[in-house]
Amino acid sequence: MRLPYGPNWYAATMGTGIVAVVLPGLPFRVPGAMPVALTFWLAASLLLVATATVMMRGIRQDGSLLRRHYDDPVLSHFYGAPAMALMTVGAGAVGVGVDILGTRAAVGLGSVLWAAGTLLGLWTAIAVPYRAITRHEVADDSATGGWLMPVVPPMVSATTGAALVPHLPAGQARETLLLVCYALFGLTMIAGFLVLNQLWQRLIRHGALAPATLPTVWIVLGFLGQSTTAVHHLGVLAPSVVPGYGHALGMLAVCYGVPVWGFTMLWSALALALTVRQVRVGLPVAATWWSFTFPVGTVATGSSALAAATGLALFEISAAIATLGLLVGWFAAAYATLRLFAGPPVLQPEGCRMLVEVQH
């Protein structure tokens, strides 16, 4: 079966690239981690190129494609995925791509992808909510985890931007990027909790999400884990970049990260329970299975960050469990994707929503 382009397919790049970010950052040594991470980064890079190629081909065949996706109340939220895919591949370039590209080329590639992803992410954080306010018809039970997708990219910018700060000249340039990353962190932190409140109310008042969209409850972990990761990486740099108040920013890594980690564990248990419940009655194969990857990966990076900050085995164990969960989720999502592309033709629902909910 041939599936048409949709921005949600960039989640495959995110879910593959996050493995390359997680493995080198674990607080304990894993034999063979770097070669595996490099393999996943190369695979994510190829997926990014392939998805972008399909997108460009689709635009040439139908000039209104992007506009129709933007107007769709479901697919529009997934325009955050291309931004995060760009930055995930960029982070992998700086982290593990150095072995192939060399430091200068790796940092250059990472910088270009970070800048492109950040600009696109800022656009989605503003334009998608604006569209929802002015054009979309939104019912009381419309909220899904996908609503977080357009507002999370700035948090990814904050995390991945931290790796670029040391490569800038000391002084204004380095300080500006650091504080811009903190501002991006704040943008998503506040917007993310606002969206999370809407999702929580929807689940409590209307019950579990539709079977094909249920995996999107895991996207919440991406927001929570990424924020914990971001505040740590920025906090490590702050004392040397902005010595006047850098110590306070460094303390934020633990003061913010540990309480949010606690809520992350609560949401992990809730998402797992809802998923197991759905699996027992049948979980449709869908592109939303990629929600089992990137968000879980950020729990691993967040736990690794807290392990580095505190030295506690608790967070090392959490990082190990989340990494195993990420690998299981990746194989499940890869299996679902193969099923979708290799399966028989699917009767498509009205509009572009089939890209999110397609099943067989």
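Computed from a prediction, not measured in an experiment: that's the story for all the values here.

A.B. asks: Is there a simple way to think about the environment of Ala336 in this case?
C.D. replies: Mapped onto the elements of the fold, Ala336 is located in helix 12 (residues 313-342). For Ala336, the residues in contact, after removing those within four places along its chain, are Val285, Ala286 and Trp289.

A.B. asks: Quick question: what am I supposed to make of the packing of aromatic side chains here?
C.D. replies: Here the distance between the centres and the angle between the planes together describe a pair of aromatic rings. For the coordinates displayed, the defined rule picks out 13 aromatic pairs. Both rings, one in Phe193 and one in Phe223, keep their centres 5.0 Å apart while their planes meet at 80 degrees; by these two values the pair is edge-to-face. Taken together, the positions of Phe193 in helix 8 (residues 172-206) and Phe223 in helix 9 (residues 219-241) put the pair 30 residues apart, joining distant regions of the chain. Among the residues examined, Phe193 registers a relative accessible area of 34% and is labelled partly exposed. By relative accessible area, Phe223 is classed as buried at 0%. Their ring planes at 85 degrees and their centres at 5.2 Å tell us that Trp330 and Phe331 sit as a pair that is edge-to-face. The class for Trp330 is buried, based on a relative accessible area of 17%. These aromatic residues form a ring-pair network of at least three members: Phe40, Trp330 and Phe331.

Reading the values: the criteria
- Residues numbered from 1 in each chain as written.
- Predicted model: local features only at pLDDT ≥ 70, side-chain atom pairs only at ≥ 80, totals over all residues.
- Heavy atoms only, no water.
- Helix = DSSP H or I, 4+ residues; strand = E, 2+ residues; numbered from the N terminus.
- Contact = heavy atoms within 4.5 Å.
- Phe/Tyr/Trp six-rings, centres within 6.5 Å; stacked < 30°, edge-to-face > 60°.
- Buried < 20%, exposed > 50% of the residue type's maximum accessible area, 1.4 Å probe, protein only.

Function-wise, these values are silent; they only describe arrangement.
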